[in-house]
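Spelled out from the first residue to the last, the chains are:
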Amino acid sequence: MTYKEFRDAAHGVSEWQVYLIDNSDNHWRYGDEAISSEFDDKKVISFDLTTTYAHDIICTVDLI
């Protein structure tokens, strides 16, 4: 599944975190940078959902 398809299917996510599995120096992207359209065609390898005390959902996604 592509990252765009994954985001479209996800509901209730308050914050996105992306880990890029590539040769770049900066693998992590957070917030608005994590939902950039430049990652739309990347493939989702795995994901993790966590919640905060305020009941916000944080989704961490590994992309390749």
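Residues numbered from 1 in each chain as written. Predicted model: local features only at pLDDT ≥ 70, side-chain atom pairs only at ≥ 80, totals over all residues. Heavy atoms only, no water.

1. Comments concerning the nonpolar core
Link 1 in the chain: In terms of nonpolar packing, the biggest core is built from 11 residues, these being Y3, F6, W16, V18, L20, A34, F39, V44, C59, V61 and L63.
Link 2 in the chain: Of all the secondary structure elements, the ones that give two or more residues to this core are α1 (3-9), β1 (13-20) and β4 (57-63).
Link 3 in the chain: Setting aside its immediate chain neighbours within four residues, A34 contacts Y3, W16, Q17, V18, R29 and F39. (Core = buried A, V, L, I, M, F, W, Y, C linked by side-chain atoms within 4.5 Å. Buried < 20%, exposed > 50% of the residue type's maximum accessible area, 1.4 Å probe, protein only. Helix = DSSP H or I, 4+ residues; strand = E, 2+ residues; numbered from the N terminus. Contact = heavy atoms within 4.5 Å.)

2. Some details on the side chain of T60
Link 1 in the chain: Relative to the assigned elements, T60 resides in strand β4.
Link 2 in the chain: Residue class for T60 comes out buried when judged on its relative accessible area of 17%.
Link 3 in the chain: At 3.0 Å, the side chain of T60 and the side chain of Q17 are in polar contact.
Link 4 in the chain: Once residues lying within four places of it in the same chain are set aside, the contact partners of T60 are Q17, W28, S46, F47 and D48. (Polar contact = N/O pair within 3.5 Å; in protein donor to acceptor, adjacent residues only side chain to side chain.)

Purely spatial values, then, with no claim about function.
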